[in-house]
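Residues per chain, in single letters:
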Amino acid sequence: MTEPQEPENSTRRLPTVESAPSGGVLEMDQSASGSSYEPAPAREEPGGRAGRFWSGRRIPAALVALVVLGGCGLLLYDVAAVRADHPAMQWRRTAADDLASRHLDDVWVLAASAPAAALGLWLLLLALTPGLRALLPMSRRHAGVRAGLDRTAAALVLRDRAVEVAGVQSVRVKMSRRKATVRALSHFRELDDVRADLDTVLSHAISELGLARPPGLSAHVRRPAKKG
């Protein structure tokens, strides 16, 4: 005869710790209830795959274009001046002498190449990553339509739904691309009951957001700290 197994969503009561007025630590006869789960795999949408939005990178592109344009214009002007039997600019003569006399392991060469390499890596990173981390792609119902939801707006929706649960006093929601972390304070009702209602309400709210990759949910409920 096998022993009954505990369900996966069962929670344990944990004591919460609060700072005492004198600066010490006081253990309170309270409990904290928390649960978390990972979202179901994303389903194939009729409108096609809903990938992340790519940033236009307008400011970095404009800065790089201005620097390249200015450098090329200055170099072409100096070359044209030399062709017209005028002496080359002092900066170009100095740079040519330094490049001819300094070795690759010279301190000044290494000091100048390090920022250039870092700038190049940064530009490559911008070119290869989509950016726009605050914009969550939504499910595509039609092939020619793409929509996104701001993470702040999604967090506000979940917070508004959470405060409607009986016993919830206040709620903080942290929304990331992969998980929604909800921390609630409950001033009455059993914490496990409040957390169970939060799981139900927030799971339904996340499904109503219409995201292409619904985030996982991590809900935590505790009592507010006693004053005095």
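Residues numbered from 1 in each chain as written. Predicted model: local features only at pLDDT ≥ 70, side-chain atom pairs only at ≥ 80, totals over all residues. Heavy atoms only, no water.

Asks: What's the story with the confidence of the model for the chain in this structure? I'm lost.
Replies: As a note on interpretation, predicted positions should not be read in detail where pLDDT is low. Here the chain averages 79 in pLDDT, while 78% of its residues score no lower than 70. Scored below 50 in pLDDT, residues 1-31 makes 40 contacts in the model with residues more than four places away or belonging to other chains. (pLDDT = per-residue confidence, 0-100. Contact = heavy atoms within 4.5 Å.)

Asks: Please clarify how the pattern of salt bridges should be interpreted in this entry.
Replies: In a structure, side chains of opposite charge can pair up when their charged atoms sit close to one another. One pass over the full model with this rule turns up seven salt bridges. The salt bridge partner of R161 is E208, with a shortest N-O separation of 2.8 Å. Linking R161 in helix 4 (residues 151-162) with E208 in helix 5 (residues 191-208), this pair joins segments that are 47 residues apart in sequence. Judged by relative accessible area, which is 27%, R161 ranks as partly exposed. Overall, E208 belongs to the partly exposed group, its relative accessible area being 45%. Here R195 and D199 are joined by a salt bridge, their closest N and O atoms 2.5 Å apart. Taken as a pair, R195 and D199 lie in helix 5 at a separation of four residues, close to a single helical turn. Neither residue differs from the other here; R195 and D199 are each classed as buried. Through salt bridges with shared partners, a single ionic network connects D98, R102 and D106. (Salt bridge = Lys/Arg side-chain N within 4 Å of Asp/Glu carboxyl O. Helix = DSSP H or I, 4+ residues; strand = E, 2+ residues; numbered from the N terminus. Buried < 20%, exposed > 50% of the residue type's maximum accessible area, 1.4 Å probe, protein only.)

Asks: Explanation requested: unusual backbone geometry in the structure shown.
Replies: The phi angle of most residues is negative, glycine excepted, and most peptide bonds adopt the trans form. Backbone geometry at R57 places phi at a positive 50 degrees, although glycine is not the residue there. Checked against the element boundaries, R57 lands in the loop between strand 3 (33-37) and helix 1 (58-83). With a phi close to 65 degrees, D85 is a non-glycine residue in the positive phi region. Along the chain, D85 falls in the loop between helix 1 and helix 2 (90-101). Look at D85 and you get exposed, because its relative accessible area is 74%.

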